[in-house]
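Chain and residue survey
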Amino acid sequence: AEGLGLLERSEWGYIRPGPAWSTFQEASTPEREGLLWRGFWTMDWTSLYPWAEVVDFLETHRPEVLKLLRTCPPSKKIPIAQIAEKIFPAGKEPISERERDGLFWVIVRPLEYLGLAAGCFEKDAEGFYFPSAFELTPEIRALLDGDRGFLS
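Reading the values: the criteria
Residues numbered from 1 in each chain as written. Predicted model: local features only at pLDDT ≥ 70, side-chain atom pairs only at ≥ 80, totals over all residues. Heavy atoms only, no water. Salt bridge = Lys/Arg side-chain N within 4 Å of Asp/Glu carboxyl O. Buried < 20%, exposed > 50% of the residue type's maximum accessible area, 1.4 Å probe, protein only. Helix = DSSP H or I, 4+ residues; strand = E, 2+ residues; numbered from the N terminus. Pairing = 2+ DSSP bridges. Contact = heavy atoms within 4.5 Å. Axes fitted to C-alpha atoms, helices over the stretch in contact; angles between N-to-C directions.

1. Remarks on the pattern of salt bridges
Applying the stated criterion across every chain, the model contains two salt bridges. The partner of Arg16 in a salt bridge is Glu8, with the nearest N and O atoms 3.1 Å apart. Residue classification places Arg16 among the partly exposed positions, given a relative accessible area of 37%. According to the relative accessible area criterion, Glu8 is partly exposed, its value standing at 28%. A salt bridge links Arg109 to Glu112; the shortest N-O distance between them is 2.6 Å. On the criterion of helical spacing, the pair formed by Arg109 and Glu112 is a turn pair, its members being three residues apart in helix 6 (residues 97–113). A residue is classified by how much of its surface remains accessible, and Arg109, at 18% relative accessible area, is buried. Note on Glu112: relative accessible area 22%, which makes it partly exposed.

2. Brief notes about the pairing of strand 4 (residues 117–123)
Here strand 4 pairs with strand 5 (residues 129–136) via seven bridges, running antiparallel. The residue of strand 5 that forms the bridge with Ala118 is Glu135. The turn linking strand 4 back onto strand 5 is made up of five residues, and Gly127 within it adopts a positive phi angle of 90 degrees.

3. Some thoughts on the sheet that holds strand 5
Here three strands make up an open sheet; going across it, the order is 3-5-4 and the pairing antiparallel. Every interior strand has two partners, whereas the edge strands, strand 3 (78–79) and strand 4, have only one. Lying over the sheet, helix 6 contacts strand 4 and strand 5, oriented at roughly 135 degrees with respect to strand 4.

Interpretation note: all reported values are geometric properties and have no functional meaning in isolation.
So, in structure tokens, the structure goes:
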């Protein structure tokens, strides 16, 4: 969304509509879907998030992430940990909180800002909220199920 000019950050870091927001809203549904699809799967994630190793892994495995998202039923809560375990390779250590959080902020949060997903948070024992699950909206199903040719 930022790369497309749909969203931008204020000087305080808050997300707000960007310069292309009005034009995007006036576009037809197929045009909007194409722009979102192209922007999401071709954006350079590495400069946007602090989890470089998580971003690098997700960048390398975009087709696998897409296939996995296609298996998620719309309007049903999907635990972040469950998806992280399917995406990240099994190693000596269990999937870390960093990988789960990175998955949420890199994949789910941008979709959430575009109205294509909803994030769910829970409070930990110390009173801090953490991303625990997400739901895909029915609107994303057409994008995930359609063949837009942007997976290469």
